[in-house]
Amino acid sequence: MSEPDADVVIIGAGVIGAAVGYELASRGWRTLNLDALPAAGYGSTSNSCAIVRFTYSTYSGVAMSWEGLHYWTDWPAYLQATDERGLASLVQCGTLLLKQPGGHHLKVAPLFDALGIPYEDWDADQLRTRMPALDPRLMGPPKRVDDEDFWAEPSQPLPGAIWTADSGYVSDPQLASHNLQRATEAKGGRFRFSTKVVAVERAGGRVSGLTLDDGSTVSARVVINVAGPHSAKINAMAGLDGTMKIGTRPLRHEVHHVASPAAVDYEHVGCHVSDGDTGVYFRPEVGNSILVGSEDPACDTRDWVDDPDDFDRTITAAQWEAQVLRLARRIPDLGVPNEPRGVVDLYDVADDWIPIYDRTDLDGFYVAIGTSGNQFKNAGVAGHCMAELVAAVEGGHDHDADPLVVKGRYTGLDLDLGSFSRNRAINPDSSFSVNG
Ligand SMILES: Cc1cc2nc3c(=O)[nH]c(=O)nc-3n(C[C@H](O)[C@H](O)[C@H](O)COP(=O)(O)OP(=O)(O)OC[C@H]3O[C@@H](n4cnc5c(N)ncnc54)[C@H](O)[C@@H]3O)c2cc1C
(Lines give C-alpha, C1' and ligand atoms only; values in the text may rest on other atoms or scores of the structure.)
Protein backbone atom coordinates (compact mmCIF):
# COMPACT_ATOMS: atom_id res chain seq x y z
CA MET A 1 0.00 0.00 0.00
CA SER A 2 1.35 3.43 -0.90
CA GLU A 3 2.14 6.05 1.76
CA PRO A 4 -0.78 8.53 2.28
CA ASP A 5 -0.20 12.18 1.31
CA ALA A 6 -0.48 13.19 4.97
CA ASP A 7 -1.04 11.50 8.32
CA VAL A 8 -3.73 14.04 9.16
CA VAL A 9 -5.64 16.45 6.92
CA ILE A 10 -7.37 19.29 8.72
CA ILE A 11 -10.27 20.89 6.85
CA GLY A 12 -9.99 24.58 7.73
CA ALA A 13 -7.21 27.00 8.63
CA GLY A 14 -9.10 29.29 10.98
CA VAL A 15 -7.67 29.89 14.42
CA ILE A 16 -8.82 26.49 15.70
CA GLY A 17 -7.88 24.54 12.55
CA ALA A 18 -4.43 26.12 12.60
CA ALA A 19 -4.03 25.33 16.33
CA VAL A 20 -5.02 21.70 15.72
CA GLY A 21 -2.43 21.56 12.92
CA TYR A 22 0.23 23.04 15.19
CA GLU A 23 -0.43 20.68 18.09
CA LEU A 24 -0.36 17.60 15.84
CA ALA A 25 2.71 18.73 13.87
CA SER A 26 4.47 19.38 17.22
CA ARG A 27 3.82 15.74 18.13
CA GLY A 28 5.43 14.53 14.88
CA TRP A 29 2.33 13.92 12.74
CA ARG A 30 2.61 14.91 9.03
CA THR A 31 -0.19 17.47 8.83
CA LEU A 32 -1.88 19.30 5.97
CA ASN A 33 -4.39 22.12 6.56
CA LEU A 34 -6.68 22.76 3.58
CA ASP A 35 -8.72 25.94 3.27
CA ALA A 36 -11.05 27.24 0.57
CA LEU A 37 -10.00 30.83 1.35
CA PRO A 38 -6.66 32.41 0.36
CA ALA A 39 -5.05 32.69 3.82
CA ALA A 40 -5.21 31.46 7.42
CA GLY A 41 -7.95 32.99 9.59
CA TYR A 42 -9.88 34.53 6.69
CA GLY A 43 -13.15 32.76 7.59
CA SER A 44 -15.29 33.54 10.64
CA THR A 45 -12.10 33.96 12.71
CA SER A 46 -11.31 37.20 10.87
CA ASN A 47 -14.44 38.91 12.24
CA SER A 48 -14.16 37.52 15.76
CA CYS A 49 -14.19 39.97 18.68
CA ALA A 50 -11.53 37.63 20.10
CA ILE A 51 -12.57 38.29 23.69
CA VAL A 52 -10.79 36.11 26.23
CA ARG A 53 -13.09 35.67 29.25
CA PHE A 54 -13.94 32.86 31.65
CA THR A 55 -17.62 33.58 32.30
CA TYR A 56 -19.09 30.28 31.07
CA SER A 57 -22.07 28.43 32.57
CA THR A 58 -20.51 25.01 33.04
CA TYR A 59 -17.51 23.67 34.94
CA SER A 60 -15.90 22.37 31.73
CA GLY A 61 -16.53 25.64 29.91
CA VAL A 62 -14.86 27.71 32.63
CA ALA A 63 -11.98 25.22 32.96
CA MET A 64 -11.25 25.28 29.20
CA SER A 65 -11.31 29.08 29.05
CA TRP A 66 -9.05 29.48 32.10
CA GLU A 67 -6.57 27.01 30.63
CA GLY A 68 -7.01 28.74 27.24
CA LEU A 69 -5.96 32.13 28.66
CA HIS A 70 -2.46 30.85 29.39
CA TYR A 71 -1.74 30.08 25.74
CA TRP A 72 -2.24 33.79 24.97
CA THR A 73 -0.14 35.07 27.88
CA ASP A 74 2.63 32.64 26.83
CA TRP A 75 2.11 33.18 23.06
CA PRO A 76 5.72 33.76 21.84
CA ALA A 77 7.12 30.85 23.88
CA TYR A 78 4.17 28.62 23.00
CA LEU A 79 4.68 29.15 19.26
CA GLN A 80 8.44 28.50 19.33
CA ALA A 81 8.58 30.34 16.00
CA THR A 82 8.69 33.79 14.49
CA ASP A 83 6.28 35.37 12.04
CA GLU A 84 7.40 38.03 9.55
CA ARG A 85 4.14 39.88 10.26
CA GLY A 86 4.75 40.02 14.03
CA LEU A 87 2.83 38.27 16.80
CA ALA A 88 -0.72 38.84 17.99
CA SER A 89 -1.02 39.92 21.60
CA LEU A 90 -3.51 39.77 24.43
CA VAL A 91 -4.73 43.12 25.79
CA GLN A 92 -5.65 42.36 29.41
CA CYS A 93 -8.28 45.05 29.94
CA GLY A 94 -10.38 42.89 32.29
CA THR A 95 -14.00 41.73 32.16
CA LEU A 96 -16.92 43.17 34.07
CA LEU A 97 -19.86 40.80 34.31
CA LEU A 98 -22.78 43.00 35.41
CA LYS A 99 -25.10 41.48 37.99
CA GLN A 100 -28.85 41.55 37.63
CA PRO A 101 -31.59 39.59 39.42
CA GLY A 102 -31.40 35.96 38.24
CA GLY A 103 -28.38 36.88 36.10
CA HIS A 104 -25.48 34.90 34.63
CA HIS A 105 -23.19 35.80 37.59
CA LEU A 106 -25.18 33.40 39.80
CA LYS A 107 -23.80 30.49 37.76
CA VAL A 108 -20.37 31.96 37.15
CA ALA A 109 -19.22 32.97 40.66
CA PRO A 110 -19.60 29.45 42.20
CA LEU A 111 -17.70 27.98 39.22
CA PHE A 112 -14.91 30.53 39.71
CA ASP A 113 -14.78 29.51 43.40
CA ALA A 114 -14.70 25.80 42.51
CA LEU A 115 -11.86 26.30 40.02
CA GLY A 116 -9.90 28.87 42.05
CA ILE A 117 -10.19 31.59 39.37
CA PRO A 118 -9.22 35.02 40.74
CA TYR A 119 -12.05 37.57 40.73
CA GLU A 120 -13.48 40.48 42.68
CA ASP A 121 -17.10 40.62 43.75
CA TRP A 122 -18.15 44.30 43.49
CA ASP A 123 -21.21 45.75 45.16
CA ALA A 124 -23.29 48.58 43.66
CA ASP A 125 -21.05 51.31 45.17
CA GLN A 126 -17.85 49.76 43.83
CA LEU A 127 -19.39 49.44 40.38
CA ARG A 128 -20.36 53.12 40.40
CA THR A 129 -16.97 54.39 41.59
CA ARG A 130 -14.69 52.02 39.68
CA MET A 131 -16.42 52.23 36.29
CA PRO A 132 -17.83 55.78 36.19
CA ALA A 133 -18.42 55.75 32.40
CA LEU A 134 -21.25 53.24 32.90
CA ASP A 135 -24.79 53.99 33.99
CA PRO A 136 -24.95 51.70 37.06
CA ARG A 137 -28.74 51.32 37.06
CA LEU A 138 -30.93 48.31 36.34
CA MET A 139 -32.69 48.54 32.95
CA GLY A 140 -33.58 44.94 32.12
CA PRO A 141 -34.87 42.68 30.93
CA PRO A 142 -33.46 43.50 27.46
CA LYS A 143 -35.94 45.07 25.06
CA ARG A 144 -36.25 45.95 21.39
CA VAL A 145 -36.01 49.65 20.62
CA ASP A 146 -39.67 49.84 19.57
CA ASP A 147 -40.76 48.60 23.01
CA GLU A 148 -42.42 51.51 24.80
CA ASP A 149 -40.34 50.76 27.93
CA PHE A 150 -37.00 50.88 26.09
CA TRP A 151 -36.24 54.41 27.37
CA ALA A 152 -37.98 53.98 30.74
CA GLU A 153 -36.17 55.81 33.56
CA PRO A 154 -34.47 53.18 35.78
CA SER A 155 -35.23 53.39 39.49
CA GLN A 156 -32.95 50.71 40.98
CA PRO A 157 -29.16 50.30 40.95
CA LEU A 158 -27.50 47.22 39.46
CA PRO A 159 -26.58 44.97 42.41
CA GLY A 160 -22.88 45.05 41.39
CA ALA A 161 -20.54 43.11 39.13
CA ILE A 162 -17.96 40.31 38.96
CA TRP A 163 -14.55 41.62 37.89
CA THR A 164 -11.77 39.45 36.39
CA ALA A 165 -8.56 41.39 35.75
CA ASP A 166 -6.87 38.62 33.71
CA SER A 167 -9.28 38.65 30.80
CA GLY A 168 -9.25 40.85 27.69
CA TYR A 169 -9.05 40.45 23.93
CA VAL A 170 -6.55 39.41 21.27
CA SER A 171 -5.49 42.34 19.14
CA ASP A 172 -5.77 40.69 15.74
CA PRO A 173 -7.51 37.31 15.30
CA GLN A 174 -6.37 36.83 11.71
CA LEU A 175 -2.76 37.48 12.69
CA ALA A 176 -3.07 34.94 15.52
CA SER A 177 -4.08 32.32 12.91
CA HIS A 178 -1.14 33.29 10.71
CA ASN A 179 1.17 32.94 13.73
CA LEU A 180 -0.13 29.40 14.21
CA GLN A 181 0.43 28.67 10.51
CA ARG A 182 4.06 29.77 10.70
CA ALA A 183 4.56 27.77 13.93
CA THR A 184 3.05 24.67 12.28
CA GLU A 185 5.25 25.08 9.21
CA ALA A 186 8.30 25.34 11.47
CA LYS A 187 7.37 21.86 12.75
CA GLY A 188 7.01 20.51 9.20
CA GLY A 189 3.22 20.92 8.80
CA ARG A 190 1.84 22.14 5.47
CA PHE A 191 -0.99 24.48 4.38
CA ARG A 192 -2.84 24.67 1.07
CA PHE A 193 -5.13 27.64 0.41
CA SER A 194 -7.79 28.41 -2.20
CA THR A 195 -8.50 24.66 -2.11
CA LYS A 196 -12.03 23.50 -1.44
CA VAL A 197 -12.95 20.05 -0.18
CA VAL A 198 -15.89 18.66 -2.17
CA ALA A 199 -16.06 15.03 -0.99
CA VAL A 200 -14.90 12.79 1.86
CA GLU A 201 -13.59 9.40 0.74
CA ARG A 202 -13.85 6.09 2.62
CA ALA A 203 -12.05 2.75 2.22
CA GLY A 204 -12.08 -0.36 4.38
CA GLY A 205 -14.66 1.11 6.78
CA ARG A 206 -12.71 4.26 7.60
CA VAL A 207 -11.91 7.64 6.11
CA SER A 208 -9.25 7.46 3.42
CA GLY A 209 -8.96 11.00 2.09
CA LEU A 210 -10.65 13.92 0.39
CA THR A 211 -11.59 15.04 -3.11
CA LEU A 212 -10.82 18.66 -3.94
CA ASP A 213 -12.54 21.14 -6.23
CA ASP A 214 -9.88 20.73 -8.94
CA GLY A 215 -10.78 17.02 -9.14
CA SER A 216 -7.60 15.83 -7.39
CA THR A 217 -7.57 13.75 -4.22
CA VAL A 218 -5.55 13.85 -1.02
CA SER A 219 -5.11 10.62 0.91
CA ALA A 220 -4.85 10.56 4.72
CA ARG A 221 -5.44 8.14 7.59
CA VAL A 222 -7.05 10.86 9.70
CA VAL A 223 -9.27 13.81 8.68
CA ILE A 224 -10.47 16.52 11.08
CA ASN A 225 -13.45 18.76 10.33
CA VAL A 226 -12.60 22.25 11.62
CA ALA A 227 -14.66 24.03 8.98
CA GLY A 228 -16.39 26.55 11.27
CA PRO A 229 -19.87 27.49 9.97
CA HIS A 230 -19.42 24.91 7.17
CA SER A 231 -19.12 22.08 9.72
CA ALA A 232 -22.54 20.56 9.02
CA LYS A 233 -21.86 20.60 5.25
CA ILE A 234 -18.58 18.71 5.76
CA ASN A 235 -20.22 16.18 8.11
CA ALA A 236 -22.88 15.58 5.44
CA MET A 237 -20.10 14.92 2.88
CA ALA A 238 -18.71 12.32 5.29
CA GLY A 239 -22.13 10.59 5.40
CA LEU A 240 -22.58 11.45 9.08
CA ASP A 241 -26.05 13.04 8.91
CA GLY A 242 -28.18 11.70 11.74
CA THR A 243 -25.28 10.01 13.54
CA MET A 244 -24.66 12.66 16.22
CA LYS A 245 -27.01 13.63 19.05
CA ILE A 246 -25.79 17.26 18.94
CA GLY A 247 -26.11 19.16 15.66
CA THR A 248 -24.53 22.38 14.39
CA ARG A 249 -26.08 25.26 12.45
CA PRO A 250 -24.81 28.63 11.17
CA LEU A 251 -26.22 31.73 12.90
CA ARG A 252 -25.74 35.24 11.49
CA HIS A 253 -24.37 37.83 13.91
CA GLU A 254 -23.61 41.53 13.69
CA VAL A 255 -20.86 43.34 15.59
CA HIS A 256 -20.96 47.13 15.50
CA HIS A 257 -18.21 49.66 15.80
CA VAL A 258 -18.69 53.09 17.44
CA ALA A 259 -16.40 55.86 18.67
CA SER A 260 -15.88 56.26 22.44
CA PRO A 261 -17.62 59.25 24.03
CA ALA A 262 -15.50 62.38 23.52
CA ALA A 263 -14.52 62.63 27.20
CA VAL A 264 -13.66 58.93 27.70
CA ASP A 265 -10.49 57.17 26.55
CA TYR A 266 -12.31 53.84 26.48
CA GLU A 267 -9.47 52.16 24.58
CA HIS A 268 -7.22 52.63 27.62
CA VAL A 269 -9.54 52.89 30.63
CA GLY A 270 -12.38 50.69 29.41
CA CYS A 271 -12.84 46.95 29.78
CA HIS A 272 -14.87 44.14 28.28
CA VAL A 273 -18.39 44.31 29.70
CA SER A 274 -20.90 41.47 29.66
CA ASP A 275 -24.24 43.23 30.12
CA GLY A 276 -27.08 40.73 30.33
CA ASP A 277 -29.26 43.54 31.71
CA THR A 278 -29.41 45.34 28.34
CA GLY A 279 -28.47 42.26 26.23
CA VAL A 280 -25.12 43.35 24.79
CA TYR A 281 -21.41 42.79 25.31
CA PHE A 282 -18.79 45.38 24.42
CA ARG A 283 -15.06 45.88 24.51
CA PRO A 284 -12.47 48.56 23.74
CA GLU A 285 -11.05 48.63 20.22
CA VAL A 286 -7.99 50.36 18.77
CA GLY A 287 -8.56 53.96 17.66
CA ASN A 288 -10.43 54.72 20.90
CA SER A 289 -13.57 53.00 19.76
CA ILE A 290 -15.91 50.32 21.09
CA LEU A 291 -17.09 47.02 19.57
CA VAL A 292 -20.60 45.98 20.57
CA GLY A 293 -22.20 42.58 19.98
CA SER A 294 -25.39 40.87 21.11
CA GLU A 295 -25.77 38.44 24.02
CA ASP A 296 -28.74 36.90 22.17
CA PRO A 297 -31.53 38.13 24.48
CA ALA A 298 -34.92 36.41 24.16
CA CYS A 299 -36.54 39.51 22.60
CA ASP A 300 -34.25 39.32 19.53
CA THR A 301 -35.04 36.99 16.64
CA ARG A 302 -32.28 34.53 15.82
CA ASP A 303 -31.13 34.78 12.23
CA TRP A 304 -30.39 31.14 11.28
CA VAL A 305 -28.74 30.66 7.89
CA ASP A 306 -29.38 27.65 5.62
CA ASP A 307 -26.32 28.05 3.42
CA PRO A 308 -23.07 29.46 4.89
CA ASP A 309 -21.98 30.40 1.36
CA ASP A 310 -25.03 32.61 0.88
CA PHE A 311 -25.96 35.12 3.60
CA ASP A 312 -26.41 38.88 3.88
CA ARG A 313 -23.19 40.59 4.97
CA THR A 314 -24.74 44.05 5.27
CA ILE A 315 -25.59 45.56 8.66
CA THR A 316 -29.35 45.81 9.18
CA ALA A 317 -30.84 49.06 10.49
CA ALA A 318 -32.91 47.20 13.09
CA GLN A 319 -30.01 45.30 14.67
CA TRP A 320 -27.70 48.32 14.50
CA GLU A 321 -30.28 50.34 16.39
CA ALA A 322 -30.91 47.57 18.93
CA GLN A 323 -27.25 46.99 19.80
CA VAL A 324 -25.96 50.56 19.62
CA LEU A 325 -28.87 52.08 21.54
CA ARG A 326 -28.57 49.39 24.23
CA LEU A 327 -24.92 50.39 24.50
CA ALA A 328 -25.94 54.06 24.65
CA ARG A 329 -28.20 53.26 27.59
CA ARG A 330 -25.23 51.78 29.46
CA ILE A 331 -22.75 54.48 28.34
CA PRO A 332 -24.94 57.60 28.41
CA ASP A 333 -22.33 59.91 26.86
CA LEU A 334 -21.99 57.74 23.76
CA GLY A 335 -22.63 59.54 20.48
CA VAL A 336 -24.78 57.41 18.16
CA PRO A 337 -23.42 57.71 14.60
CA ASN A 338 -25.75 58.03 11.61
CA GLU A 339 -23.63 55.72 9.46
CA PRO A 340 -23.65 52.09 10.64
CA ARG A 341 -20.19 50.48 10.84
CA GLY A 342 -19.26 46.94 11.75
CA VAL A 343 -19.05 43.37 10.52
CA VAL A 344 -21.46 40.52 9.85
CA ASP A 345 -20.40 36.89 10.12
CA LEU A 346 -21.56 33.44 11.17
CA TYR A 347 -21.33 31.51 14.41
CA ASP A 348 -21.30 27.72 14.09
CA VAL A 349 -23.85 27.04 16.81
CA ALA A 350 -24.22 23.66 18.54
CA ASP A 351 -27.66 22.71 19.89
CA ASP A 352 -26.61 23.66 23.43
CA TRP A 353 -24.03 26.33 22.48
CA ILE A 354 -21.20 24.11 23.74
CA PRO A 355 -18.59 22.93 21.19
CA ILE A 356 -18.09 19.39 19.92
CA TYR A 357 -14.50 18.17 20.25
CA ASP A 358 -14.80 14.48 19.40
CA ARG A 359 -14.28 11.52 17.11
CA THR A 360 -17.22 10.42 14.92
CA ASP A 361 -18.87 7.16 13.87
CA LEU A 362 -16.58 7.13 10.81
CA ASP A 363 -13.23 5.79 12.01
CA GLY A 364 -10.42 8.27 11.45
CA PHE A 365 -12.82 11.24 11.04
CA TYR A 366 -12.85 13.79 13.89
CA VAL A 367 -14.63 17.09 14.57
CA ALA A 368 -13.73 20.36 16.31
CA ILE A 369 -16.98 22.19 15.57
CA GLY A 370 -20.00 23.94 17.08
CA THR A 371 -17.79 26.70 18.46
CA SER A 372 -20.93 28.82 19.02
CA GLY A 373 -19.38 32.28 18.84
CA ASN A 374 -17.25 31.65 21.91
CA GLN A 375 -14.21 29.47 21.20
CA PHE A 376 -11.61 31.82 19.71
CA LYS A 377 -10.08 32.12 23.17
CA ASN A 378 -9.78 28.33 23.40
CA ALA A 379 -7.87 27.78 20.15
CA GLY A 380 -4.68 26.63 21.86
CA VAL A 381 -6.30 24.34 24.39
CA ALA A 382 -8.74 22.98 21.79
CA GLY A 383 -5.77 22.15 19.55
CA HIS A 384 -4.06 20.37 22.46
CA CYS A 385 -7.22 18.39 23.32
CA MET A 386 -7.81 17.36 19.70
CA ALA A 387 -4.20 16.22 19.30
CA GLU A 388 -4.41 14.16 22.51
CA LEU A 389 -7.73 12.70 21.34
CA VAL A 390 -6.43 11.69 17.91
CA ALA A 391 -3.33 10.09 19.45
CA ALA A 392 -5.41 8.17 22.01
CA VAL A 393 -8.14 6.94 19.63
CA GLU A 394 -5.73 6.03 16.82
CA GLY A 395 -3.74 4.18 19.50
CA GLY A 396 -6.80 2.06 20.29
CA HIS A 397 -8.54 3.99 23.11
CA ASP A 398 -12.35 3.62 23.19
CA HIS A 399 -13.24 7.28 23.76
CA ASP A 400 -17.00 6.67 23.47
CA ALA A 401 -17.00 4.14 26.31
CA ASP A 402 -14.32 5.82 28.39
CA PRO A 403 -14.13 9.57 27.58
CA LEU A 404 -10.62 10.93 27.55
CA VAL A 405 -9.57 13.36 30.29
CA VAL A 406 -6.79 15.67 29.11
CA LYS A 407 -4.41 17.44 31.49
CA GLY A 408 -4.21 21.20 30.95
CA ARG A 409 -0.66 22.03 29.88
CA TYR A 410 -0.53 25.26 31.93
CA THR A 411 -2.98 24.91 34.81
CA GLY A 412 -2.84 21.14 35.30
CA LEU A 413 -6.66 21.11 35.32
CA ASP A 414 -8.41 17.93 34.21
CA LEU A 415 -10.34 18.68 31.00
CA ASP A 416 -13.06 16.09 30.55
CA LEU A 417 -13.62 15.65 26.81
CA GLY A 418 -16.84 13.75 27.58
CA SER A 419 -18.41 17.22 28.12
CA PHE A 420 -17.74 17.98 24.45
CA SER A 421 -19.02 14.68 23.09
CA ARG A 422 -21.16 14.57 19.93
CA ASN A 423 -23.51 12.23 21.77
CA ARG A 424 -23.92 14.10 25.08
CA ALA A 425 -27.38 14.99 26.31
CA ILE A 426 -28.20 18.68 25.77
CA ASN A 427 -26.47 20.41 28.70
CA PRO A 428 -29.24 22.10 30.75
CA ASP A 429 -26.68 24.31 32.54
CA SER A 430 -25.82 26.11 29.29
CA SER A 431 -26.88 29.74 28.84
CA PHE A 432 -28.02 28.72 25.32
CA SER A 433 -26.34 31.91 24.13
CA VAL A 434 -22.91 33.16 23.16
CA ASN A 435 -22.01 32.98 26.87
CA GLY A 436 -21.81 29.19 26.45
C1 LIG B 1 -18.85 37.93 14.90
C2 LIG B 1 -18.12 36.93 15.77
C3 LIG B 1 -17.63 37.33 17.01
C4 LIG B 1 -16.96 36.41 17.82
N5 LIG B 1 -16.44 36.82 19.01
C6 LIG B 1 -15.74 35.93 19.78
C7 LIG B 1 -15.14 36.35 20.98
O8 LIG B 1 -15.20 37.53 21.35
N9 LIG B 1 -14.44 35.44 21.73
C10 LIG B 1 -14.37 34.12 21.35
O11 LIG B 1 -13.76 33.32 22.08
N12 LIG B 1 -14.94 33.70 20.19
C13 LIG B 1 -15.61 34.56 19.41
N14 LIG B 1 -16.16 34.16 18.23
C15 LIG B 1 -16.05 32.75 17.86
C16 LIG B 1 -14.71 32.42 17.26
O17 LIG B 1 -14.28 33.45 16.42
C18 LIG B 1 -14.80 31.10 16.52
O19 LIG B 1 -15.21 30.10 17.45
C20 LIG B 1 -13.47 30.69 15.90
O21 LIG B 1 -12.89 31.74 15.18
C22 LIG B 1 -13.70 29.50 14.99
O23 LIG B 1 -12.48 29.14 14.38
P24 LIG B 1 -12.44 27.92 13.39
O25 LIG B 1 -11.03 27.75 12.98
O26 LIG B 1 -13.14 26.76 13.99
O27 LIG B 1 -13.41 28.36 12.18
P28 LIG B 1 -13.26 29.42 10.98
O29 LIG B 1 -12.43 30.58 11.33
O30 LIG B 1 -14.64 29.67 10.49
O31 LIG B 1 -12.46 28.59 9.91
C32 LIG B 1 -13.05 27.54 9.16
C33 LIG B 1 -12.32 27.49 7.85
O34 LIG B 1 -12.79 26.33 7.14
C35 LIG B 1 -12.74 26.66 5.78
N36 LIG B 1 -13.64 25.75 5.03
C37 LIG B 1 -14.98 25.60 5.18
N38 LIG B 1 -15.44 24.70 4.29
C39 LIG B 1 -14.38 24.28 3.57
C40 LIG B 1 -14.22 23.36 2.48
N41 LIG B 1 -15.25 22.68 1.94
N42 LIG B 1 -12.97 23.17 1.98
C43 LIG B 1 -11.90 23.86 2.50
N44 LIG B 1 -12.01 24.74 3.52
C45 LIG B 1 -13.23 24.94 4.04
C46 LIG B 1 -13.23 28.09 5.71
O47 LIG B 1 -12.77 28.72 4.53
C48 LIG B 1 -12.64 28.70 6.98
O49 LIG B 1 -11.46 29.44 6.74
C50 LIG B 1 -16.82 35.07 17.39
C51 LIG B 1 -17.31 34.67 16.14
C52 LIG B 1 -17.94 35.60 15.32
C53 LIG B 1 -18.44 35.17 13.97
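Visitor: Which residues make up the overall build of the protein, and what are the values?
Guide: What the protein contains, in helices and strands, is 10 helices and 21 strands. Here the protein has a C-alpha radius of gyration of 21 Å; the compact-globule value for 436 residues is 22 Å, and the two agree. Considering the protein as a whole, with its 436 residues, one finds that 58% of them fall into the buried category. Here the analysis covers contacts within the protein between residues at least 6 apart in sequence; of these, 74% occur between residues at least 24 apart. Total accessible area on the protein stands at roughly 16,800 Å², and carbon and sulfur atoms take up 49% of it. A gap of 2 Å separates the mean positions of the 36 positive and 60 negative side-chain charges of the protein.

Visitor: I'd like a description of the site of the ligand, backed by residues and values.
Guide: Close to the ligand lie 36 residues; Asp35, Ser44, Thr45, Ile51 and Lys377 are nearest. Between Asp35 and the ligand, the recorded distance is 2.6 Å, taken from a side-chain N or O atom to an oxygen atom. In isolation the ligand has 1,000 Å² of accessible area, and contact with the protein removes 97% of it. Put simply, the parts of the chain that give the shell around the ligand at least two residues each are α1 (15–26) and β17 (342–350). In terms of residue class, the shell around the ligand is made up of 17 nonpolar, 15 polar and four charged.

Visitor: Summarise the layout of surface pockets; cite the residues concerned and give the values.
Guide: Space inside the second largest pocket adds up to approximately 450 Å³. Partitioned by chemical class, the residues of the lining of the second largest pocket number nine nonpolar, 11 polar and five charged.

Visitor: Go over the pattern of salt bridges, please, and point to the residues and values.
Guide: Counted according to the given criterion, the structure contains 28 salt bridges. Two residues, Arg182 and Glu185, come together in a salt bridge whose shortest N-O distance is 2.8 Å. Placement of the pair is Arg182 and Glu185 together in helix α6 (residues 173–186), with a separation of three residues, close to one helical turn. The class of Arg182 is partly exposed, set by a relative accessible area of 25%. Given a relative accessible area of 29%, Glu185 falls into the partly exposed group. The residue Lys233 makes a salt bridge to Asp309 at a minimum N-O spacing of 2.9 Å. Of this pair, Lys233 sits in helix α7 (residues 231–237) while Asp309 sits in the loop between β16 (289–294) and α9 (317–330); the two residues are 76 residues apart in sequence, bridging distant segments of the chain. Judged by relative accessible area, which is 44%, Asp309 ranks as partly exposed.

Visitor: Go over empty space enclosed by the protein with me, naming the residues and quoting the values.
Guide: Scanning the entire structure with this criterion turns up one cavity of 30 Å³ or more. Each pocket or cavity is described by its volume, and for the largest cavity that value is around 80 Å³. Lining the largest cavity, in full, are Tyr56, Thr58, Gly61, Met64, Trp353, Ile354, Pro355, Asn374, Gln375, Asn378, Phe420 and Gly436. Taken together, the residues of the lining of the largest cavity break down into six nonpolar, six polar and no charged.

Visitor: Lay out the sheet that holds β16 with the relevant residues and their values.
Guide: Taken in spatial order, the eight strands line up as β6-β7-β5-β14-β15-β16-β13-β17 in an open sheet, and their pairing is mixed. The open sheet is flanked by β6 (120–123) and β17, the only strands paired with a single partner. Within this sheet the neighbouring strands show an average axis-to-axis angle of 20 degrees, counted without direction. Bridge analysis of strand β15 (residues 280–285) against β16 gives six bridges, and the strand direction is antiparallel. Of the residues in β16, the one forming a bridge with Phe282 is Val292. Those strands touched by helix α4 (residues 105–115) are β5 (95–98) and β7 (160–164), and its axis lies near 40 degrees from that of β7. This element, α9, spans β5, β13 (248–259), β14 (272–275), β15 and β16 of the sheet and lies at about 55 degrees to β13.

Visitor: Just give me the short version of α9, but keep the residues and values in it.
Guide: Relative to the 20 Å expected for 14 residues at 1.5 Å per residue, α9 spans 20 Å between its end C-alpha atoms, a close match to the ideal helical length. Within α9, 11 of the 14 residues are buried, which leaves the element mostly enclosed by the surrounding structure. Here the buried face of α9 lies against β5, β13, β14, β15 and β16.

Visitor: Explain the pairing of strand β1 (residues 6–11) residue by residue, including any values.
Guide: In terms of residue burial, β1 counts as a mostly covered element, since five of its six residues are buried. Of the strand pairs in this sheet, β1 and strand β12 (residues 217–225) are connected by five bridges, and their pairing is parallel. The residue of β12 that forms the bridge with Val9 is Val223. As defined by bridge partners, β1 adjoins strand β2 (residues 31–34) across four bridges and the pair is classed as parallel. Looking at the pairing, Val8 lines up with Thr31 of β2. Read as a crossover between parallel neighbours, the route from β1 over α1 to β2 is right-handed.

Visitor: Help me get a handle on the confidence of the model for the protein, residues and values and all.
Guide: Averaged over all residues, the pLDDT of the protein is 97; the fraction at 70 or higher stands at 100%. Confidence, expressed as mean pLDDT per element, reaches its minimum in the protein at helix α8 (residues 266–269) with 93 and its maximum at α1 with 99.

Visitor: Which residues make up the sheet that holds strand β8 (residues 168–170), and what are the values?
Guide: Spatially, three strands are ordered β3-β8-β4 in an open sheet, and the strand pairing comes out antiparallel. The sheet is open, and its two edges are formed by β3 (51–52) and β4 (90–91), each paired on a single side. Looking at chain direction, β4 and β8 are connected through two bridges and run antiparallel. Within β8, the residue paired with Leu90 across the bridge is Val170.

Visitor: How would you explain the packing of helix α2 (residues 59–73) against α4 if you had to name every residue and give the values?
Guide: Contact geometry of α2 with α4 gives a least axis separation of 10 Å together with a crossing angle of 60 degrees. Accordingly, the angle class assigned to the pair α2 and α4 is oblique. Here α2 runs over α4; the crossing is right-handed. Counted together, Tyr59, Val62 and Ala63 of α2 and Leu111, Phe112, Ala114 and Leu115 of α4 form the full contact between these two elements. Each residue belonging to the contact of α2 with α4 can be placed in one class, and the counts come to seven nonpolar, no polar and no charged.

Conventions we followed
Residues numbered from 1 in each chain as written. Predicted model: local features only at pLDDT ≥ 70, side-chain atom pairs only at ≥ 80, totals over all residues. Heavy atoms only, no water. Helix = DSSP H or I, 4+ residues; strand = E, 2+ residues; numbered from the N terminus. Rg over C-alpha atoms; globule rule 2.2 N^0.38 Å. Buried < 20%, exposed > 50% of the residue type's maximum accessible area, 1.4 Å probe, protein only. Contact = heavy atoms within 4.5 Å. Areas by Shrake-Rupley, 256 points an atom, 1.4 Å probe, with all protein chains shown as cover. Lys, Arg positive; Asp, Glu negative; His and termini not counted. Charge placed at Lys NZ, Arg CZ, Asp CG, Glu CD. Near = heavy atom within 4 Å. Polar contact = N/O pair within 3.5 Å; in protein donor to acceptor, adjacent residues only side chain to side chain. Nonpolar A, V, L, I, M, F, W, Y, C, P; charged D, E, K, R; others polar. 1 Å grid on protein atoms, 1.4 Å probe; cavity = no way out; pocket = protein on both sides within 12 Å on 5 of 7 lines; lining within 4 Å. Points joined across faces, edges and corners; volume = space filled by probe spheres on them. Salt bridge = Lys/Arg side-chain N within 4 Å of Asp/Glu carboxyl O. Pairing = 2+ DSSP bridges. Axes fitted to C-alpha atoms, helices over the stretch in contact; angles between N-to-C directions. Expected span 1.5 Å × (residues − 1). Right-handed = clockwise from strand over helix to strand, strands pointing away. pLDDT = per-residue confidence, 0-100. Parallel < 35°, antiparallel > 145°, perpendicular 65-115°, else oblique. Left-handed = near helix turned anticlockwise from the far one by under 90°.

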